Every structure is written in structure tokens, then in C-alpha cells.
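Each chain is listed here by its residues.
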Amino acid sequence: MKKLIIINGPNINLLGKRETNIYGNVTFADFFETLKNTFPKHSIEHYQSNIEGELINKLQDVGYTYDGIILNAAAYTHTSVGIGDAVKAIETPVIEVHISNTFGREAFRHQSYISGNAKGVILGFGLKSYELAIRSFID
């Protein structure tokens, strides 16, 4: 059994309400239940914060004891050297995930301070991006 955590950054708590043309109309809470049912043999947790420092604290808290981290730092991906440094500092492998194809959006979203320190990056497959990340840890 793998011990995994999904860490989501700002505004992911608004899924299902926010820009449904980009992010869809499913809440993350509903989707998370589907994920847990899809992977019942594994421990999958979820954490979300709109606050950069709280995301860094969580990465540090789990970064030495979990088997994998799926990180959607959302807008902080493109602005936070601190989150990128936290990913670099921990031992647990991190998969960077994005629901949308960030390269098909505004130019500032093409920069990631996380990618260079992540095990891999999955983007543009909607919420399925999270499932693909989980599969990368268990397959």
C-alpha cells in the first residue's frame, strides 16, 4: 500500500464553480471520493490551502514520510520560488499536476518554479491528471 497525498494550492477549493469552461463543474471533494474509490488499496489524502506558507509547511511535514506527493500549486507554480525550493529540499518524489494545459494559456503560466525539481509533470488532462499522477506512483 502506497501512502500518497494530493496538495492543492489557491482556488482549487472553487472547482465546480470557478471558470467551469476550463476546470469543469465537478467539485474537488466529489472527485477526491472517486479517486479514493478507484484506488482503495492505497492511502490517499488531500490537503488544500490558498496560503503559500501553509503549502510549504505541508510539503515539509510529509516530504520525508510519504511515498508520493501530487502537487497542484495552481497560480503559485508560476510565482513561488519558496514552493520550488521546498520540493527540492524534501525526499518524497513530487508529481506536478495541472488541470488545464498551462502552455495553452497566458504566457506567464508557461513558467514553473516546481517542474525542475519534480519527478514529472502532468497537465492538460482535466481532473484525470490527478489519476495519472497516482498511477505513476503505483504502477
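Scroll up for the structure.
Here the structure is a predicted model, which means the values were calculated and not measured. Residue indices begin from 1 for each chain and proceed along its sequence in written order. Local features in this predicted model are restricted to residues whose pLDDT is 70 or higher, and side-chain atom pairs enter the listing and the counts only when it is 80 or higher, whereas totals over whole chains, interfaces and linings include all residues. Excluded from the side-chain calculations are hydrogens and water; all other atoms, namely the structure's heavy atoms, are used.

This next bit is on helix H5 (residues 128-138). Summary of the burial criterion: residues with accessible area below 20% of their type's maximum are buried, those above 50% are exposed, and those between are partly exposed, where the area comes from a 1.4 Å probe applied to protein chains only. To qualify as a helix, a DSSP run of H or I must reach at least 4 residues; to qualify as a strand, a run of E must reach at least 2; elements of each kind are numbered from the N terminus. Looking only at H5, the buried set comprises Ser129, Tyr130, Glu131, Ala133, Ile134 and Phe137. Here a residue-residue contact requires only that any non-hydrogen atoms of the pair lie within 4.5 Å. Tucked inside the fold, the buried residues of H5 contact strand S1 (3-8), helix H2 (28-38), strand S2 (43-48), strand S3 (68-72), strand S4 (94-98) and strand S5 (120-123).

The next thing to look at is the pattern of salt bridges. Basic side-chain nitrogens of Lys or Arg form a salt bridge, by our definition, when they fall within 4 Å of a carboxyl oxygen of Asp or Glu. A complete count under the given rule lists three salt bridges for this structure. With its nearest N and O atoms 3.0 Å apart, the salt bridge here joins arginine 135 to glutamate 131. With a gap of four residues between them, arginine 135 and glutamate 131 both fall in helix H5, about one helical turn apart. The exposure class assigned to glutamate 131 is buried, which follows from its relative accessible area of 16%. Look at the salt bridges and you will find they share partners, linking Lys128, Glu131 and Arg135 into a network.

At least two bridges found by DSSP between two strands is the condition for calling them paired. Spatial strand order, S2-S1-S3-S4-S5: five strands in an open sheet with parallel pairing. Each having just a single partner strand, S2 and S5 make up the two edges of the open sheet. Looking at each pair of strands side by side, their axes are set apart by 20 degrees on average, direction ignored. Where S1 and S3 come together, five bridges link them in parallel fashion. If you follow isoleucine 5 over to S3, its bridge partner there is isoleucine 69. Lines fitted to the C-alpha atoms define the axes, with helices restricted to the stretch that makes contact. Angles between their N-to-C directions range from 0 to 180 degrees. Running over the sheet, H2 touches S1 and S2 and is turned about 165 degrees from S2. Packed on one face of the sheet, helix H3 (residues 52-62) meets S1, S2 and S3 and runs near 170 degrees to S1.

Attention now goes to the packing of aromatic side chains. When two rings of Phe, Tyr or Trp (its six-membered ring) have centres within 6.5 Å they constitute a pair, described as stacked for plane angles under 30 degrees, edge-to-face for angles over 60, and tilted for the intermediate range. Scanning all chains against the criterion turns up four aromatic pairs. Taking the centre distance of 5.1 Å and the plane angle of 65 degrees together, the rings of phenylalanine 28 and tyrosine 130 count as edge-to-face. Residue phenylalanine 28 is found in helix H2, and its partner tyrosine 130 is found in helix H5; the two are separated by 102 residues along the sequence. Owing to a relative accessible area of 5%, phenylalanine 28 belongs among the buried residues under this scheme. Taking the centre distance of 6.0 Å and the plane angle of 55 degrees together, the rings of phenylalanine 31 and tyrosine 130 count as tilted.

Now for the environment of isoleucine 122. Among the secondary structure elements, isoleucine 122 is positioned in strand S5. Accessibility expressed as a relative area gives 15% for isoleucine 122, which makes it buried. Separated by 25 residues in sequence, isoleucine 122 and valine 97 place their C-alpha atoms 4.9 Å apart. Ignoring sequence-local partners within four residues, the contact set of isoleucine 122 consists of Ile95, Glu96, Val97, His98, Ser129, Leu132 and Ala133.

Right, let's talk about the packing of H2 against H5 for a bit. Packing of H2 against H5 leaves a shortest axis separation of 11 Å and a crossing angle of 30 degrees. As the angle between them shows, H2 and H5 are arranged roughly parallel. Here H2 and H5 pass one another in a crossing that is right-handed. For the pair H2 and H5, the contacting residues are Phe28, Phe31, Leu35 and Thr38 in the first and Tyr130, Glu131, Ile134 and Arg135 in the second. Just so you know the grouping, Ala, Val, Leu, Ile, Met, Phe, Trp, Tyr, Cys and Pro go in nonpolar, Asp, Glu, Lys and Arg go in charged, and all remaining residues, Gly too, go in polar. The residue inventory of the contact of H2 with H5, partitioned by class, reads five nonpolar, one polar and two charged. Every angle not falling under 35 degrees, over 145, or within 65 to 115 is termed oblique; those three ranges are roughly parallel, roughly antiparallel and roughly perpendicular. Crossing handedness is defined as follows: a turn of the near helix away from the far one that is anticlockwise and smaller than a right angle gives a left-handed crossing, while the clockwise case is right-handed.

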